[in-house]
Amino acid sequence: MAYGMNGEGGGCGGEPESSDSLKGFGAVAKAFRERAGLTQEELAPLVRYAPHTVASIEQGRRFPPDDFVDRAEEVLDAFGALRAASRHLSRQPGLAAWFRQWAKLEEQAVSLCTYECRVVPGLLQTPAYAKAVTLSVPPLKDDEQVERQVAARLARQELLRRKQPIALSFIIEQAVIERGTGGVEVTRELIDRLLCIGELNHVELQIMPLHQPEHAGFDGPMQLLETPENKWLGYAEGQRGGMLVSEPKEVSILYQRYAKMRSQALTPEDSASLLKRMRGAL
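Cut-offs and rules
Residues numbered from 1 in each chain as written. Predicted model: local features only at pLDDT ≥ 70, side-chain atom pairs only at ≥ 80, totals over all residues. Heavy atoms only, no water. Salt bridge = Lys/Arg side-chain N within 4 Å of Asp/Glu carboxyl O. Helix = DSSP H or I, 4+ residues; strand = E, 2+ residues; numbered from the N terminus. Buried < 20%, exposed > 50% of the residue type's maximum accessible area, 1.4 Å probe, protein only. Core = buried A, V, L, I, M, F, W, Y, C linked by side-chain atoms within 4.5 Å. Axes fitted to C-alpha atoms, helices over the stretch in contact; angles between N-to-C directions. Parallel < 35°, antiparallel > 145°, perpendicular 65-115°, else oblique. Contact = heavy atoms within 4.5 Å. Nonpolar A, V, L, I, M, F, W, Y, C, P; charged D, E, K, R; others polar. Arc of directions from axis to C-beta. Pairing = 2+ DSSP bridges.

**Structural notes on the pattern of salt bridges**
(1) Moving on: Evaluated as defined, the whole model comprises 10 salt bridges.
(2) Moving on: With a shortest N-O distance of 2.6 Å, Arg188 and Glu185 are connected by a salt bridge. Taken together, the residues span about one helical turn, with Arg188 and Glu185 both in helix α10 (residues 184-198) at a distance of three residues.
(3) Moving on: Under the relative-accessibility criterion, Arg188 is labelled buried at 17%.

**A closer look at the nonpolar core**
Proteins that are soluble and globular tend to have nonpolar side chains buried together.
(1) Moving on: Counting residues in hydrophobic clusters, the biggest one holds 33 residues, and the most contacted among them are Leu112, Val120, Leu124, Tyr129, Ile177, Leu194 and Leu275.
(2) Moving on: Of all the elements in the fold, those that place two or more residues in this core are α7 (127-136), β3 (167-173), α9 (174-178), α10, β4 (203-208), β6 (232-237) and α12 (268-280).
(3) Moving on: With 16 residues, the next largest nonpolar core counts Ala29, Leu38, Leu43 and Ile57 among its residues.

**Points about the packing of helix α2 (residues 40-47) against helix α3 (residues 51-58)**
(1) Moving on: Packing of α2 against α3 brings their axes to within 8 Å, and their N-to-C directions diverge by 105 degrees. In terms of orientation, α2 lies roughly perpendicular with respect to α3. Across from Gln40, Glu41, Leu43, Ala44 and Val47 in α2, the residues of α3 making contact are Pro51, Val54, Ala55 and Glu58.
(2) Moving on: Taken together, the residues of the contact of α2 with α3 sort by class into six nonpolar, one polar and two charged.

**Focus: α2**
(1) Moving on: When α2 is considered as a whole, its buried residues turn out to be Gln40, Leu43, Ala44 and Val47. Taken down its axis, α2 places every buried residue within 115 degrees of arc, on the same side. Projecting away from the buried face of α2 at angles above 90 degrees are the exposed residues Glu41 and Pro45.

**What about the pairing of β3?**
(1) Moving on: Within β3, six of the seven residues are buried, leaving the element largely enclosed by the surrounding structure.
(2) Moving on: Of the pairings in the sheet, the one linking strand β2 (residues 111-116) to β3 comprises six bridges and is parallel in character. Each residue of the ladder has a partner; that of Leu112, found in β3, is Leu168.
(3) Moving on: Relative to β4, β3 is paired through six bridges, and the arrangement is parallel.

Below you can see the structure in the form of structure tokens.
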């Protein structure tokens with residue numbers, strides 16, 4: 001069965017929904033701030049965040065970064081209440097509503113396969129590249145929205161450093177990197193990151209070359225994951241929504257396509273060599 005997950009955003013973002021847990025944390029933070037006799041403007045420099053960020057957190061519109069929690073806990077002498085409240089927050093701030101279900105499944109997955117033909121996968125993006133992508137996609141966003149969406153994307157990268165490693169496979173179109181999103185320096189930094197991640201023993205990174213007449217991925221980007229119970233699920237997204245695929249026959253079709261693309265893409269070794277040549281040409 002495929003479940004549509006329509007949300008306010010396309011493949012590159014979307015506004016997060018304010019959850020009860022975020023609102024609850026914000027209320028606790030506000031209470032301790034007022035107890036300390038501080039305004040939002042006075043607290044801001046003490047926690048090293050802008051006043052509008054403090055306001056957004058208190059209103060439950062923004063996920064509080066770990067360093068904000070730690071600094072506010074100390075500055076406000078919160079008796080451990082802020083740290084305790086933060087542990088109950090959703091870990092998908094700034095992600096489109098229809099993507100959150102998949103992001104939760106990712107956290108427990110034992111294998112994850114990703115094919116992308118539009119943008120470098122979020123798990124592999126640098127902060128500068130993530131910002132450039134976010135700014136490129138209408139509608140226009142203010143600084144706070146951009147910061148929130150970039151932070152959300154980067155927070156997912158904790159998956160790369162999970163204590164119990166997850167087997168990761170990525171297939172990325174060469175054209176996506178050659179597009180030069182963000183400019184030369186951003187692209188150079190991005191390639192460096194791809195090369196670095198590609199060396200991890202639980203990651204397999206492949207580039208689909210520009211010239212590949214036979215291509216099993218013409219229907220667009222896709223992801224597959226294996227659950228701890230060894231069940232495979234698929235995910236595909238378009239301009240304004242995403243779809244979780246759980247019907248075994250449909251998942252099998254996606255798996256066959258991904259397996260075919262792995263044979264059509266460059267090997268990890270040849271992919272690394274191509275990335276180094278691309279970087280040298282910048």
